[in-house]
Each structure stands twice: as structure tokens, then as C-alpha cells.
Amino acid sequence: MAATTIHQAVGTLQSCRSNGNSGLCPGYGHVSLRSVSKGFKVDVGLLRGGSYCSKKRSTCVIQASASHATVSDAVSAPSSANSSDSKKKTSEAALILIRHGESMWNEKNLFTGCVDVPLTKKGVEEAVEAGKRISNIPVDMIYTSSLIRAQMTAMLAMTQHRRKKVPTIIHEESEQAGAWSQIFSEETNKQCIPVVTAWQLNERMYGELQGLNKQETADRYGKEQVHEWRRSYDIPPPNGESLEMCAERAVAYFKEHIEPQLAGGKNIMIAAHGNSLRSIIMYLDKLTSQEVISLELSTGIPMLYIFKEGKFIRRGSPAAPTEAGVYAYTKTLAQYRQKLDNMVQ
């Protein structure tokens, strides 16, 4: 039996190995969350901690370590199955979303948008901590925006990963770039994780607000006007993008390029930005345009989804000091957590 820890994001995970079936164990080749379907009971959520694993029933319970609610999803299957049964099993894939760590313009309270600025020291630490939280979740491919703060976050996070694979940026901007970055060792290729950069995952373009201090902007345009630009769904700042416009490009890219990889069983990490990730979460969780504007994403905090049978299932949302500070918070989620609290009391 191998114990695995996913700090705060999804709690403590322990996997059992009986009758030749293994869960998420180090040293058994390519690890995939699809092994969860082999006779495990999965309890992923936000309880106060602890986990156990039963050898007799090949049952694993996962519990998070820092909040108040739990989500149960029991999957029953025989401990041994013939080949025809395994063909019928539905594959699962992990999707990890991470907003980049604090940038140098976040620190200065400036509108950043598509201006390409790096992380602060705090942002670096946040990215490393994010990596620790997801260090035991398999990652086969990484997608980032074209902006350095998202790429730094992805790279720093992967320095903490248990499998020690090297994230390698795929250069396809020209035929020569692709040829010059080619790897000629198959063994080395196996130890790499391809990283795809896409401008479609960039932060929304804030137009004429980019580079302005947020207080200075409120003084110039008025507090109510700035709030409308920042928090409305379909009203863009001068010569910039609204959240709706950002969602059009980010979600279209996700559907065309990332979702097929998940459907093929690839475990994916996306390191991007507050608004591009809000757009994708809106699609994953089927949020309305009103619900998404109340969605707040903290820097450097991972969120985990499982893609199964064409559906996205939220599996990890770390807790913050208050309910309103939870990583991806909406009124609907708050009501759901309250129901779960009542169930476990």
C-alpha cells in the first residue's frame, strides 16, 4: 500500500494494492486517475482530515484536510475482472486549473491584462506551494497562456511533482522553431511533459486601463464605472475585452484543443489567469452570466476536476478562512456545502 498526499486541494489519498490491482502508487509506471475505477470508494471533499484504506474490501477513502464538507462517490467493481469487463470501464482523466501566482503588477495594484510581467517572490512561493498540493496527481500535458506569469507558475509547480518529469515547451511558431527544439532520444521524451502555450488562454485585455493603478483609475473614471468594467459580464473597458469576449476565445480553445485530450484519457493541467479560468469554470460548472461575476479565484490555488463520461465533476476546492474566500465561490456552491454539512453532522 502506498500513501499519497494532496495538500488542501483534495486532501489525503491512500491507495490499496490487492489481487494485483494498484491505485495511485509510485513506482508502477504511468499513473492515472483512471485506476480509481478499480473497486475503490472515493470520498473526496472538504472534511477536517484523515483517510483509511481497507485491504479486505480494496476500499479507499479520501478526505480533505481543511474545511467542513465532504462529497462521496462510491464506485463498486469486482477486485478481478476479465478483459471484456475492463473494456467496458469508463476512462477518467484529471483536469487541474491553477491561476498564476502573484505578479509584480498584482503587488503594485495595477491593471495588468495582457501586459507580460513576471511573478513576485510571493508569486514564486505560491507556485511552488501549488505544486506541492498537486504533486501526486498525474499530469500528462500542460497548457498555459502565452504570458510569462502563467508559464512561470506551471514550471515552478512541476518542480514539486513526485514523478520528476520535465515540462518542455512545444515550439510550433515556425517550422524552424519546431525542428530546432526536437528531442532525439525516445527515453528522454518519456521523461518530458509537453507544454503548449496559447494566447487564447491569456488574461482578458483591459484596454486603456492596462498599467493604471486601480485607485487612480477610480479617481479618473469614477468608482461605479470601474466596478462595472471589472465585474460586469458584457461591458468592456475602453478598447478592451469584456468577460464575455474573453470567454468566447478561452472556451472555444478549451473545447477544440483541451477537451479532446481529456476524452482520450490525458491528465491535463492548465496554468492561466483569473478571467480566462473564470470563463472555463463557467463552462465546466454551467454557471450563468450572473453567477460567474461573483466567482473569485485566488492566486496559486489549484482546483481539480475529473472528466468522466463526457462530464466534468468538481473534486477539489481548498478552504480559506471564510466561506466567501473559498477559491471558487458562488452562492450555489455555498448552499451545496451547507447541505453537505447537515448530512455529516
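Residues numbered from 1 in each chain as written. Predicted model: local features only at pLDDT ≥ 70, side-chain atom pairs only at ≥ 80, totals over all residues. Heavy atoms only, no water.

Student: How would you sum up the overall build of the protein chain? Please name residues and give values.
Tutor: Each helix and strand in the protein chain was counted, giving 12 helices and 13 strands. For the protein chain, the proportion of its 345 residues judged to be buried stands at 49%. Within the structure as shown, the protein chain displays about 16600 Å² of accessible surface, and the carbon and sulfur contribution to it stands at 51%. (Helix = DSSP H or I, 4+ residues; strand = E, 2+ residues; numbered from the N terminus. Buried < 20%, exposed > 50% of the residue type's maximum accessible area, 1.4 Å probe, protein only. Areas by Shrake-Rupley, 256 points an atom, 1.4 Å probe, with all protein chains shown as cover.)

Student: Could you give an account of the pattern of salt bridges, with specific residues and numbers?
Tutor: Throughout the structure, instances matching the rule amount to seven salt bridges. The salt bridge partner of K308 is E92, with a shortest N-O separation of 3.3 Å. Of this pair, K308 sits in strand β12 (residues 302-308) while E92 sits in strand β7 (residues 92-99), and the two are 216 residues apart along the sequence. Judged by its relative accessible area of 6%, E92 is buried. (Salt bridge = Lys/Arg side-chain N within 4 Å of Asp/Glu carboxyl O.)

Student: How would you explain the nonpolar core if you had to name every residue and give the values?
Tutor: Generally speaking, soluble globular proteins have nonpolar side chains that are buried together. Ranked by size, the top nonpolar core spans 30 residues in total, and within it L95, F254, L262 and I270 carry the most contacts. The set of elements that each furnish at least two residues to this core consists of β7, β8 (141-144), α9 (243-263), β11 (268-272), α10 (274-284) and β12. Contacts of L95, omitting those with residues within four sequence positions, involve F254, L262, I268, I270, L284, M303, L304, Y305 and F312. The next biggest cluster of nonpolar side chains, apart from the first, holds 15 residues, and it includes A94, I98, V139 and L304. (Core = buried A, V, L, I, M, F, W, Y, C linked by side-chain atoms within 4.5 Å. Contact = heavy atoms within 4.5 Å.)

Student: Can you explain helix α3 (residues 121-133)? Please cite residues and give values.
Tutor: For α3, with 13 residues, the first-to-last C-alpha span of 19 Å sits near the 18 Å given by 1.5 Å per residue. All of the buried residues in α3 are G123, E126, A127, A130, G131 and R133. With its buried residues spanning 160° around the axis, α3 presents them on a single face. (Expected span 1.5 Å × (residues − 1). Arc of directions from axis to C-beta.)

Student: Lay out unusual backbone geometry in plain terms, naming residues and giving numbers.
Tutor: Of note, the phi angle at N239 is positive, near 55°, even though the residue is not glycine. Tracing the chain through its elements places N239 in the loop between α8 (223-231) and α9. Exposure remark for N239: the relative accessible area of 62% places this residue in the exposed category. Non-glycine residue E309 carries a positive phi angle of around 50°. Position of E309 among the secondary structure elements: in the loop between β12 and β13 (311-316). Given a relative accessible area of 58%, E309 falls into the exposed group.

Student: Residue-level account of the environment of I183, with values.
Tutor: By the element assignment, I183 lies in the loop between α5 (175-180) and α6 (186-190). On the basis of relative accessibility, which here comes to 28%, the residue I183 falls in the partly exposed class. With near-sequence residues (within four places) excluded, I183 lies in contact with T168, T188, N189 and C192.

Student: Lay out α9 with the relevant residues and their values.
Tutor: At K255, α9 is bent by approximately 40°, the largest bend along its length. Just past α9, the residue G265 takes up positive phi, approximately 90°. (Bend = angle between axes of the 7 residues up to and from the residue.)

Student: Can you tell me about the UniProt feature "active site" (unreviewed entry) in the protein chain, naming the residues and giving the values?
Tutor: In the UniProt entry, the feature "active site" (unreviewed entry) is given for H100 and E203. A maximum C-alpha distance of 10.5 Å is found for the annotated residues, which run over 104 residues; spatially they form one tight group. By the secondary structure assignment, H100 is in the loop between β7 and α2 (104-107). Exposure remark for H100: the relative accessible area of 2% places this residue in the buried category. Non-local contacts of H100, meaning those with residues more than four positions away in its chain, are made with N106, L119, R149, A150, T153, A272, H273, T299 and G300. For H100, the side chain forms a polar contact with the side chain of R149, separated by 3.4 Å. Assignment of secondary structure puts E203 in the loop between β10 (192-197) and α7 (214-221). Sequence-distant contacts of E203, defined by excluding residues within four places in its chain, comprise G113, C114, L147, R149, E241, R249, H273, G274, N275 and S276. (UniProt positions renumbered as here; feature names shortened; annotations may be inferred. Polar contact = N/O pair within 3.5 Å; in protein donor to acceptor, adjacent residues only side chain to side chain.)

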